[in-house]
Structures are given as structure tokens and as C-alpha cells.
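Each chain is listed here by its residues.
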Amino acid sequence: MTTTRDSLAAPAPARRQPVALSVTVGVVVVVGWVLYRHYWADDVYERIMQWDWPAGRLWADTLVVALVLSLPYAVALLVWGRDLVHGIAGAAAALGAGAFIWAWDRAFQAYVQDSAPPTRTSVEVYLWGSLLVLALLVPLAWGLARRSGTAWWVGLLAGPVVAAILRELELRWSWWDERVTYRGSAYHWPYEAAVYVAPFVLAVLACWALEARGRRTPEMGSSAPAAAGATSGADDPMT
């Protein structure tokens, strides 16, 4: 058995988790959060609002909503992160998304709704801001917990783009408005839930694809030199 200086210096490749396991966990997180949001989030919110500290504090209402929605996601990322550091980063970003919900709502209440009757433009800015920023922050949290390197960052743009397209469908297509939005006569909550999480899921998949592509490119580029080194090393008397 022969060894070379390069082979001794080369780090061991990182152990990758099976794709099936990653897909399964992703599906569990998405479906679990959707079911939690539909069946249990309101009950959790009402129970928390019965405590003493939120009573009489208007700012606490939105804060509780943000925590109720973001904390389960943060816990999932903390557990499922690549390591402790990645898990903490992802969980912090998930809580940051919840903090944005609270801060954005408080800013709208304080500077728009409480000072003067809100205009159509101000309401549109509020709704679009919530939609696009959350479509960026939610997959960012997953990326910080699960991705490595920087190639995946561009995939985050898929979230706001898909969210904007789905929002335009809601505004311009009556069939969509009747079945997907809660005010529609033929509303089905699974449709609404699927549309709500679609920008997050597609952005996460885009980030994963970009990371996988960036990981394969250096490996393919280094295969030829590695093969040449192996051939020359066989004839090297120092090995």
C-alpha cells in the first residue's frame, strides 16, 4: 500500500446524508407545520393570550402570533441542522422571520393606521412587503441550517419571485380567488396552504440544486489531475 504527501494532507470527505432521508424530513417539516398552523396554532395563541403578561398590551398580540408560527420551525431547524452552529443560525433566522412579522405590523399600526386612515397604496406596501420578505427569510433559515458554501444564495430569489406570481394570480384570476383565498365561495384550506408554502419549498429546492451543482463542478474539474497524479505516483520510487 502506497501513500503520498497529498493523500495524507487531503481532508476526509464530509459524510453526506441519504437523499431519501433529507426528502422525508423536509416533507415532515412542511406538512407538520401546515397541519399545526391549521389545527393547533389558534388554540396555542388563545392559551398564551390568557397569561398575565400579554393582557392589555396591544404590541403583544402580534408578537405572540409571530412566535406561535415561527418557534416550531426554529426548533425543527435547530434539530435538523448540519451541525450545532448551522442549526443555531437557521433557528435564529426563523425567529428573525417571526420578529419581522411583528416589527412590520407594529410599524404599520404606529405610522400608518393610527396616524391617518390607511390608503390603498399603504395597504399594498404592507401586504407586498410581508409577502416578499417572508418568502426570502423562511428559505434563508433553512439554507443557513442545511446548506454550505455560498453557491446556494442565488436560489433564495426563487421565493419572492414565486410568491409574487402566485399573488398576481390571486388578484387577477377569479377561479383562483374563489378556491384559494379564504373569502372565496369554494375555498379549500389545503389549496391555500399549498400556495402559502410553495415559495418557501421551491426556494429551498433551488438552493439545494445550486449547492449540489457547485459541489460537483470542482470534483469534475479535479478528476483529471487526480488520475494523472495516481498514474505518476505508481512509478515514483519515493512511494
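Quantities reported herein were computed from a predicted structural model and do not represent experimental measurements. (Residues numbered from 1 in each chain as written. Predicted model: local features only at pLDDT ≥ 70, side-chain atom pairs only at ≥ 80, totals over all residues. Heavy atoms only, no water.)

Looking only at helices and strands, the protein has eight helices and zero strands in total. Ordering the α and β elements of the protein from the N terminus gives α-α-α-α-α-α-α-α. By residue count, 30% of the 239 residues in the protein fall in the buried class. Once local pairs closer than 6 in sequence are excluded, the contacts in the protein between residues at least 24 apart make up 67%. (Helix = DSSP H or I, 4+ residues; strand = E, 2+ residues; numbered from the N terminus. Buried < 20%, exposed > 50% of the residue type's maximum accessible area, 1.4 Å probe, protein only. Contact = heavy atoms within 4.5 Å.)

A separate point is the environment of Tyr36. As for its position among the elements, Tyr36 is in helix 2 (residues 19–49). C-alpha of Tyr36 to C-alpha of Pro72: the two residues are 36 residues apart in sequence and 9.0 Å apart in space. Apart from the residues lying within four places of it in its own chain, the contact partners of Tyr36 are Ala41, Val44, Val68 and Pro72. Engagement of the side chain of Tyr36 in a polar contact is seen with the backbone oxygen of Val68, the distance being 2.7 Å. (Polar contact = N/O pair within 3.5 Å; in protein donor to acceptor, adjacent residues only side chain to side chain.)

Below, the discussion takes up helix 2. Trp40 marks the point of greatest bend in helix 2, at about 60 degrees. Every buried residue of helix 2 is listed here: Val25, Gly26, Val29, Trp33, Val34, Tyr36, Ala41 and Ile48. (Bend = angle between axes of the 7 residues up to and from the residue.)

Together, Leu67, Leu71, Val75, Leu78, Val79, Leu84, Ile88 and Leu95 make up an exposed nonpolar region whose accessible area comes to about 730 Å². For the nonpolar patch, the leading source of residues is helix 3 (residues 58–80), giving five residues. You can see Ile88 is positioned in helix 4 (residues 84–113). Looking at Ile88, the relative accessible area reads 46%, which means it is partly exposed. (Patch = residues over 30% accessible without salt bridge, like charges linked within 9 Å, V, L, I, M, F, W, Y side chains within 5 Å. Areas by Shrake-Rupley, 256 points an atom, 1.4 Å probe, with all protein chains shown as cover. Salt bridge = Lys/Arg side-chain N within 4 Å of Asp/Glu carboxyl O.)

To continue, consider the environment of Leu127. As for its position among the elements, Leu127 is in helix 5 (residues 120–146). For the pair Leu127 and Asp105, spaced 22 residues apart in sequence, the C-alpha to C-alpha distance is 10.0 Å.

We now examine the packing of helix 3 against helix 4. Each packed pair of helices is defined by two parameters, the angle between the axes and the distance between the axes. Interaxial distance between helix 3 and helix 4 falls to 8 Å at its minimum, and their mutual angle equals 160 degrees. Between helix 3 and helix 4, the angle falls in the class roughly antiparallel. Helix-helix and strand crossings are classified by hand; for helix 3 and helix 4 the assignment is right-handed. Counted together, Leu58, Trp59, Thr62, Leu63, Ala66, Ser70, Leu71, Tyr73, Ala74, Leu77 and Leu78 of helix 3 and Gly87, Ile88, Gly90, Ala91, Ala94, Leu95, Gly98, Ile101, Trp102, Asp105 and Arg106 of helix 4 form the full contact between these two elements. For the contact of helix 3 with helix 4, the class distribution of residues is 15 nonpolar, five polar and two charged. (Axes fitted to C-alpha atoms, helices over the stretch in contact; angles between N-to-C directions. Parallel < 35°, antiparallel > 145°, perpendicular 65-115°, else oblique. Left-handed = near helix turned anticlockwise from the far one by under 90°. Nonpolar A, V, L, I, M, F, W, Y, C, P; charged D, E, K, R; others polar.)

Attention now moves to the packing of helix 3 against helix 5. Where helix 3 contacts helix 5, the two axes come as close as 9 Å, and the packing angle between them is 20 degrees. The angle between the axes of helix 3 and helix 5 places the two elements in the roughly parallel class. Note on packing geometry: the crossing formed by helix 3 with helix 5 is right-handed. Seen from helix 3, the contacting residues are Tyr73, Leu77 and Trp80; seen from helix 5, they are Val138, Ala141, Trp142, Ala145 and Arg146.

Our next topic: the packing of aromatic side chains. Both the distance between ring centres and the angle between the ring planes are used here to describe each pair of aromatic rings. Here the structure, examined in full by the defined rule, presents 11 aromatic pairs. Taking the centre distance of 4.7 Å and the plane angle of 25 degrees together, the rings of Trp152 and Trp153 count as stacked. For Trp152, a relative accessible area of 2% gives the class buried. Take Trp153: its relative accessible area is 40%, and that puts it in the partly exposed class. Counting every residue linked through ring pairs, the aromatic cluster contains Phe100, Trp104, Phe108 and Tyr126. (Phe/Tyr/Trp six-rings, centres within 6.5 Å; stacked < 30°, edge-to-face > 60°.)

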